[in-house]
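A closer look at the structure
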Amino acid sequence: MRAAVRSCRSRPGARAGVAVLLGGLVLPLHAIELSVLSAGAVEPGIRPALAAFERESGDTVRIDFAAAPALRAALRAAPAADVIIVPQGALDELAATGAVGAGPRAPIGRVGVGVAVRPGVAPPDIGSAEALKAALLSADTVVFNRASTGVYVEAMLQRLGVANAVRAKSERVADGASVMRRLLAGTAQREFGFGAMTEISLFRDQGLQLVGPLPASLQNFTTYVALPWPGAAAPDRADAVARLIRHLQGADARSLFVAAGIAPAL
């Protein structure tokens, strides 16, 4: 799974009034380094939310990002982080098989599906289900992933009655970021891709164009939940884990999520 995970370390926070001076650096007392494994679709909101947690708590957070298939595989293995942030559906599937328990979960937000094209390509009309169907039939290439968004797109193509027609011109890649990189490297004029709205936003500074969200009648929101890693045995870290999860459900984190395109959980 390591190859499917992107890792980074948030910058250390600082806790006012509770610190020591060591070698010219101000370090918080009793700081804990927490680890988080998260779905990549919530990355634009999770990064600033964790940075705010570090500033407020004095703890530090290491975060890895992975697509849903890697998250499912990770949850079947030994605990590898303190907190995991996963699609609600993936967790429900694993709970049904007994792979994880049915303990408390903290919904943090939901992400819809959008359409993107590379710079210089005329955006297709996706203003209605019929318009999207026509765009799919006339496209040269349609790109989507093999993770949660791609699973939904497959079902949507069946619903629109174009699955057979689109299959031969579909390109499936591993995750949302790979969809965006593939679009940016494309050459066909009538090609577009599907991805989480948040993942599309990560590539807009490279010129990727957000065409818009799916029509309301076709839109699908994936709800993401945070929870302590099932089976993790770290009682000395339980308080810090609980603080982190409360922070992710708090008003400050919610405003950062909304700004990143993550809608409030229902």
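Heads up: the structure comes first, above all this text.
Figured I'd write up the structure that's included with this text.

In summary, soluble globular proteins display a tendency toward joint burial of nonpolar side chains. Grouped together as the largest cluster of nonpolar side chains are 43 residues, with contacts concentrated most on I46, I85 and L248. If you tally residues by element for this core, the top one is helix α9 (residues 238–248), at five residues. If we ignore the near neighbours within four places in the chain, the residues touching I85 are V36, L37, S38, A39, V42, I46, L71, I108, Y224, V225, A226 and L248. Core analysis: the next-biggest nonpolar cluster, separate from the first, contains 23 residues, V117, V142, A163 and L218 among them.

Let us now look at the packing of aromatic side chains. Taken as a whole and judged by the stated rule, the model has one aromatic pair. Consider the rings of F192 and F194, whose centres lie 5.8 Å apart with planes at 75 degrees: the pair is edge-to-face. A residue is classified by how much of its surface remains accessible, and F192, at 2% relative accessible area, is buried. The aromatic ring of F221 is capped on one face by R110, whose charged end is 4.3 Å from the ring centroid.

A separate point is the environment of A259. Counting through the fold element by element, A259 comes out in helix α10 (residues 251–259). Given the relative accessible area of 70%, A259 is considered exposed. Note: C-alpha distance between A259 and G45 (214 residues apart in sequence) is 7.6 Å.

Most of strand β7 (residues 106–111) is tucked away: five of the six residues are buried. The sheet contact formed by β7 and strand β13 (residues 222–228) spans five bridges and is antiparallel. From the neighbouring strand, V111 faces β13, where its bridge partner is T222.

Under the defined criterion, the tally for this structure stands at 10 salt bridges. E93 serves as the salt-bridge partner of R72, at 3.2 Å between the closest nitrogen and oxygen. You can see R72 sitting in helix α2 (residues 68–75) and its partner E93 sitting in helix α3 (residues 88–97), a full 21 residues away along the chain. R182 serves as the salt-bridge partner of E171, at 2.7 Å between the closest nitrogen and oxygen.

The side chains of a regular strand alternate between both faces of the sheet. Here strand β11 (residues 191–196) lies mainly inside the structure; six of its six residues are buried. Here strand β8 (residues 113–117) pairs with β11 via four bridges, running antiparallel. Residue pairing in the sheet places V113 in a bridge with A196 of β11. Two elements, strand β9 (residues 141–145) and β11, share three bridges in a ladder whose sense is parallel. Following the sheet pairing, T141 is matched in β11 by E191.

Tracing the backbone through its elements, the reader meets L160 in helix α5 (residues 148–160). Residues L160 and L132 lie 28 residues apart in sequence; the distance between their C-alpha atoms is 9.0 Å. Not counting chain neighbours up to four residues away, the residues in contact with L160 comprise A129, L132, K133, L136 and L218.

Looking now at α5. Since the α-helix turns once every 3.6 residues, residues separated by three or four places project in the same direction. Its 13 residues place the ends of α5 19 Å apart at the C-alpha level, agreeing with the 18 Å of an ideal helix rising 1.5 Å per residue. Within the sequence span of α5, burial applies to T149, G150, Y152, V153, M156, L157 and L160. Summarising the axial view, the buried residues of α5 lie within an arc of 155 degrees, below the 170-degree limit, and thus occupy one face. Pointing more than 90 degrees away from the buried face of α5 are the exposed residues V151, Q158 and R159. For α5, the secondary structure elements touched by its buried residues are β8, α4 (129–138), β9, α6 (163–167), β10 (170–173) and β11. Where α5 terminates, the next one or two residues include G161, which has phi positive at roughly 75 degrees.

Scoring rules and cut-offs
- Residues numbered from 1 in each chain as written.
- Predicted model: local features only at pLDDT ≥ 70, side-chain atom pairs only at ≥ 80, totals over all residues.
- Heavy atoms only, no water.
- Core = buried A, V, L, I, M, F, W, Y, C linked by side-chain atoms within 4.5 Å.
- Buried < 20%, exposed > 50% of the residue type's maximum accessible area, 1.4 Å probe, protein only.
- Helix = DSSP H or I, 4+ residues; strand = E, 2+ residues; numbered from the N terminus.
- Contact = heavy atoms within 4.5 Å.
- Phe/Tyr/Trp six-rings, centres within 6.5 Å; stacked < 30°, edge-to-face > 60°.
- Lys NZ or Arg CZ within 6 Å of the ring centre and 35° of its normal.
- Pairing = 2+ DSSP bridges.
- Salt bridge = Lys/Arg side-chain N within 4 Å of Asp/Glu carboxyl O.
- Expected span 1.5 Å × (residues − 1).
- Arc of directions from axis to C-beta.

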